[in-house]
Amino acid sequence: GLITKKTNTLGLIIPDITNPFFPQVVRAIEDTGNHRNYNIILCNTDNNQEKEKLYLEILQKKYVDGIILTSSTRTTKDHGILLEKLKLPLVLLDRAAASPFDFPSVYTCGYQGVMLGVNYLLKQGHRKIAYLSGPETSLVGKERLEGYMAALQNFGLTVNPQLIYYGDYKAETGEKGINELLEKDRNFTAVMAANDLMAVGAMRSIKNRQLKVPEDISVLGFDNIQISRLIDPALTTIHQPSYEMGKKATDMLIRLIEGKELEKRQVVLKPELLIRESVAERR
Ligand code: RIB
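Residues numbered from 1 in each chain as written. Predicted model: local features only at pLDDT ≥ 70, side-chain atom pairs only at ≥ 80, totals over all residues. Heavy atoms only, no water.

### Observations regarding unusual backbone geometry
Next, step 1: Here Val 213 and Pro 214 are connected by a cis peptide whose omega angle stands at 5°.
Next, step 2: Cis geometry marks the peptide bond from Asp 232 to Pro 233, where omega comes out at -5°.
Next, step 3: Within the element layout of this structure, Pro 233 appears in the loop between β9 (218-223) and β10 (236-239).
Next, step 4: Residue Tyr 63 is not a glycine yet carries a positive backbone phi of 55°.
Next, step 5: Summarising the element assignment, Tyr 63 is placed in the loop between α2 (49-61) and β3 (66-69).
Next, step 6: Even without being glycine, Gln 210 reaches a positive phi, approximately 60°.
Next, step 7: Looking at the secondary structure, you find Gln 210 in the loop between α7 (196-208) and β9. (Helix = DSSP H or I, 4+ residues; strand = E, 2+ residues; numbered from the N terminus.)

Dropping the structure here:
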């Protein structure tokens, strides 16, 4: 067989370097890797599947010892087959593999996370709660959306599709989403966003309409990116353990590189509600 030489280099592929959530995870991967004598090569795909494929090839050619991947695709069958052909240890980060694939993965339960958020809004008296979703076609987007729907239904409310907007996790689609939602229905008193960047965008466009957060519309995010506590009002959000996520993924990858067994192939981390200032009780 081939004589493989170790390079002590890990490849890391993320989908959007402009989303501060990912640098937080990268920080943890770099710390953990460096501590174990590994260097990191970072690649950004801009959510482009072709770029992702190319980077997977390039990383293999550079002889990295293993890859941590936050995929930009919907982990379709083709994609799973592509990943199976990789001749390298692989850990999926922030997105699990769709069945029948069971690549090792670390992610935060989005269903539970959004449910925590919507339950909190319900507890504060809100009944018309809009939702800024990620793409419905992605596993993460779907899972979080299901959390929103389940929370409403468990409370005996029906889901109103008019109150759901599909964005792409960028601040701009949070802004645009609020504008479109307000045109359809002016009566919602709260909005939950599938990530913090969309929540920040939502706050901006609510303020641009001379409405107040949280007095007129409460806003709740998801991620707990560093700026979420610095903006005004400070964003109430669902904390994703991003550092732990990166650390765990790196530990798992290094175990695989060393030929050891994993204790668990799928690690699901728990989200937490972080109460700050952007949600008010409905009067
Ligand atoms: O990639 C988009 C989103 O998925 C991020 O904002 C974060 O929520 C991640 O889990």
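### What to know about the domain arrangement of the protein chain
Next, step 1: You can read the domains of the protein chain as domain 1 (9-108 + 240-270) and domain 2 (110-239).
Next, step 2: For domain 1 and domain 2, the distance between their C-alpha centroids amounts to 28 Å.
Next, step 3: Taken residue by residue, the interface counts 18 residues in domain 1 and 18 residues in domain 2.
Next, step 4: In this assembly, domain 1 packs against domain 2 so that about 1,400 Å² is buried in total across both faces, 51% of it on carbon and sulfur atoms.
Next, step 5: When residues of the side of domain 1 that touches domain 2 are traced back to their parent elements, those giving at least two are α1 (21-35) and β5 (105-108).
Next, step 6: Taken together, the residues of the side of domain 1 that touches domain 2 break down into seven nonpolar, six polar and five charged. (Domains from an automatic or database assignment. Contact = heavy atoms within 4.5 Å. Buried area = accessible area lost by both parts, 1.4 Å probe. Nonpolar A, V, L, I, M, F, W, Y, C, P; charged D, E, K, R; others polar.)

### Observations regarding α1
Next, step 1: Over its 15 residues, α1 runs 22 Å from end to end, which matches the ideal 21 Å to within 8%, given 1.5 Å per residue.
Next, step 2: Looking at α1, one finds that the buried residues are Phe 21, Phe 22, Gln 24, Val 25, Val 26, Ala 28, Ile 29, Thr 32 and Gly 33.
Next, step 3: Residues of α1 that are buried in the fold lie against β1 (9-14), β2 (39-44), β3, β4 (90-93), β9 and α8 (242-257).
Next, step 4: Two residues or fewer after α1 comes Asn 37, characterised by a positive phi angle close to 70°. (Expected span 1.5 Å × (residues − 1). Buried < 20%, exposed > 50% of the residue type's maximum accessible area, 1.4 Å probe, protein only.)

### Things to note about the pattern of salt bridges
Next, step 1: One pass over the full model with this rule turns up eleven salt bridges.
Next, step 2: Among the salt bridges present, the one from Asp 94 reaches Arg 95, with a minimum N-O distance of 2.2 Å.
Next, step 3: The salt bridge involving Lys 247 is made with Asp 251; its shortest N-O contact spans 3.1 Å. With Lys 247 and Asp 251 both in helix α8 and four residues apart, this pair spans about one turn of that helix.
Next, step 4: Exposure remark for Lys 247: the relative accessible area of 37% places this residue in the partly exposed category.
Next, step 5: The structure contains a network of salt bridges with shared partners spanning Arg 27, Glu 30 and Asp 31. (Salt bridge = Lys/Arg side-chain N within 4 Å of Asp/Glu carboxyl O.)

### A few points about the sheet that holds strand β7 (residues 164-166)
Next, step 1: An order of β7-β6-β8-β9-β10-β12 is seen for the six strands of this open sheet, with the pairing classed as mixed. The open sheet has two free edges, formed respectively by β7 and β12 (272-274), since each of these has just one partner strand. Within the sheet, the average angular offset between the axes of one strand and its neighbour, ignoring direction, is 20°. (Pairing = 2+ DSSP bridges. Axes fitted to C-alpha atoms, helices over the stretch in contact; angles between N-to-C directions.)

### So, the nonpolar core
Next, step 1: Grouped together as the largest cluster of nonpolar side chains are 42 residues, with contacts concentrated most on Val 118, Tyr 148, Phe 188 and Met 192.
Next, step 2: Among the secondary structure elements, those contributing two or more residues to this core are α4 (110-123), β6 (129-133), α5 (139-154), β7, α6 (171-184), β8 (190-193), α7 and β9.
Next, step 3: Leave out the neighbours within four places in its chain, and Val 118 touches Ile 129, Tyr 148, Ala 151, Leu 152 and Met 192.
Next, step 4: Ile 29, Leu 253, Ile 257 and Leu 262 belong to the second largest nonpolar core, which has 24 residues in total. (Core = buried A, V, L, I, M, F, W, Y, C linked by side-chain atoms within 4.5 Å.)

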